[in-house]
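If you want the building blocks of each chain, they are given just below.
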Amino acid sequence: MLTSNDKLQLMKEYINYLVGYDDHSLEPHQMGVRATLVFFIALIYVRTGGIRMLGRQSAFDSLTALMLGAILGKAVISEDSFLGTLLAAFVIMILHRLMAWLTYKSSWAGSILKGRSILLFQNNSPVVENLSRVHITENDLRETVRKNLNLDDMDYVKEIYMDRSGELSVIKRNNPSDE
């Protein structure tokens, strides 16, 4: 008859066989099990990080998503510590959540961590120094106006900004003669 210690040891061995905690060479079935576990754990992590990671992303959100993908990919195929890798990904998600909270509470922190909107066009003319700083051309501005306003006339544009997400946004002038 098996003792509770024997049962516990057998369970540990079986889990190690499935996931490969202690193996120096992962088998295909272990990678498959790890991939399944990581998929569901990643769903939990993304929920922990907040839905904002999946929407329009700032550089801050993109960096977190990139790091999370790299770390969790490593959890599937690497012989490194499976639990350690999952813990590292969890720490990244908690840091993301903490930074999101901090940038919500402090506009100063938001401008440092996420950046600021940059004015690219105003008073019927491009802001050349800002265009140069962000490597945007006047043709890029015209393309943005065509896409956002369905117009090919800059006279209907009041202002164009590069938002913190890197997207260009256009503020329309109601009447081209308005100043």
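For the structure, check the block above.
Because the structure is predicted, anything quoted here is derived from the model rather than measured.

Q: Explain the packing of helix 3 (residues 59-77) against helix 4 (residues 82-105) here, please?
A: For any two helices packed against each other, one specifies the crossing angle of their axes together with the interaxial distance. Between helix 3 and helix 4, the least distance of the axes is 9 Å, while the angle of their chain directions is 170 degrees. Classified by the interaxial angle, the pair formed by helix 3 and helix 4 is roughly antiparallel. On helix 4, the residues touching Phe60, Asp61, Thr64, Met67, Leu68, Ile71, Leu72, Lys74 and Ala75 of helix 3 are Phe82, Thr85, Leu86, Ala88, Ala89, Ile92, Met93, His96, Met99 and Ala100. Tallied by class, the residues present in the contact of helix 3 with helix 4 amount to 14 nonpolar, three polar and two charged.

Q: I keep staring at the sheet that holds strand 4 (residues 168-172) and nothing clicks. Help me out?
A: Either a parallel or an antiparallel arrangement is found when strands of a sheet pair, and the pairing is made through backbone hydrogen bonds. Spatially, four strands are ordered 2-1-3-4 in an open sheet, and the strand pairing comes out antiparallel. Edge positions in the open sheet fall to strand 2 (125-126) and strand 4, since each of these has one partner strand only. Where strand 3 (residues 157-162) meets strand 4, five bridges bridge the pair, whose relative direction is antiparallel. Residue pairing across strands places Ile160 opposite Val170, the latter belonging to strand 4. In this fold helix 7 (residues 138-149) packs onto strand 1 (118-122), strand 2, strand 3 and strand 4, with an angle of close to 65 degrees to the strand it touches most, strand 4.

Q: Which parts of the structure should I look at to understand helix 4?
A: Residues that lie three or four places apart on an α-helix share one face, since the helix turns once every 3.6 residues. When the terminal C-alpha atoms of helix 4 are compared, their 35 Å separation across 24 residues agrees well with the 34 Å that a helix rising 1.5 Å per residue should span. Of the positions making up helix 4, those classed as buried are Phe82, Thr85, Leu86, Ala89, Ile92, Met93, His96, Ala100 and Thr103. Backbone nitrogen of Gly84 and a side-chain oxygen of the N-cap are separated by 2.9 Å at the start of helix 4; the cap is Ser81.

Q: How should I be thinking about the pattern of salt bridges in this particular structure?
A: Should the charged atoms of two oppositely charged side chains come close, the side chains can pair. Considering all chains together, one arrives at four salt bridges under this definition. In this structure, Lys74 and Asp80 form a salt bridge, with 3.0 Å as the shortest nitrogen-oxygen distance. Assessed through its relative accessible area of 37%, Asp80 is described here as partly exposed.

Q: Where do I start with the side chain of Glu159 in this structure?
A: Residue position: Glu159 is located in strand 3. A polar contact is formed between the side chain of Glu159 and the side chain of Gln122, at a distance of 3.0 Å. A polar atom in the side chain of Glu159 sits 3.0 Å from the side chain of Tyr161. Ignoring anything within four residues of it in the chain, the contact list for Glu159 reads Leu119, Phe121, Gln122, Ser169, Val170 and Ile171.

Rules used throughout
Here the residue index of a chain counts from 1 through its sequence in written order. Whole-chain, interface and lining totals are the exception, using all residues; otherwise, since this is a predicted model, local features are given only for residues with pLDDT of at least 70 and side-chain atom pairs are given and counted only at 80 or more. Only hydrogens and water are removed before side-chain values are computed, so all heavy atoms of the structure are retained for them. Axis definition: a line fit to C-alpha positions, over the contact stretch in the case of helices; interaxial angles, taken between N-to-C directions, run 0 to 180 degrees. Starting at the N terminus, helices and strands are each numbered in turn, a helix being any DSSP run of H or I of at least four residues and a strand any DSSP run of E of at least two. For this classification, under 35 degrees means roughly parallel, over 145 means roughly antiparallel, 65 to 115 means roughly perpendicular, and everything else is oblique. Residue contacts are defined here by distance: any two heavy atoms, one from each residue, within 4.5 Å place the two residues in contact. Gly is put with the polar residues, along with every residue not named as nonpolar or charged; the nonpolar set is Ala, Val, Leu, Ile, Met, Phe, Trp, Tyr, Cys and Pro, and the charged set is Asp, Glu, Lys and Arg. One bridge is not enough; two strands pair if DSSP finds at least two bridges between them. Helix span, as expected, comes to 1.5 Å for every residue beyond the first. Exposure categories follow from relative accessible area, calculated using a 1.4 Å probe and restricted to protein chains: below 20% of the type maximum is buried, above 50% is exposed, and the middle band is partly exposed. Pairing of N or O atoms within 3.5 Å defines a polar contact, subject to two protein rules: one partner must be a possible hydrogen donor and the other a possible acceptor, and residues neighboring in sequence count only if both atoms are side-chain atoms. Whenever a carboxyl oxygen of Asp or Glu lies within 4 Å of a side-chain nitrogen of Lys or Arg, that contact is scored as a salt bridge.

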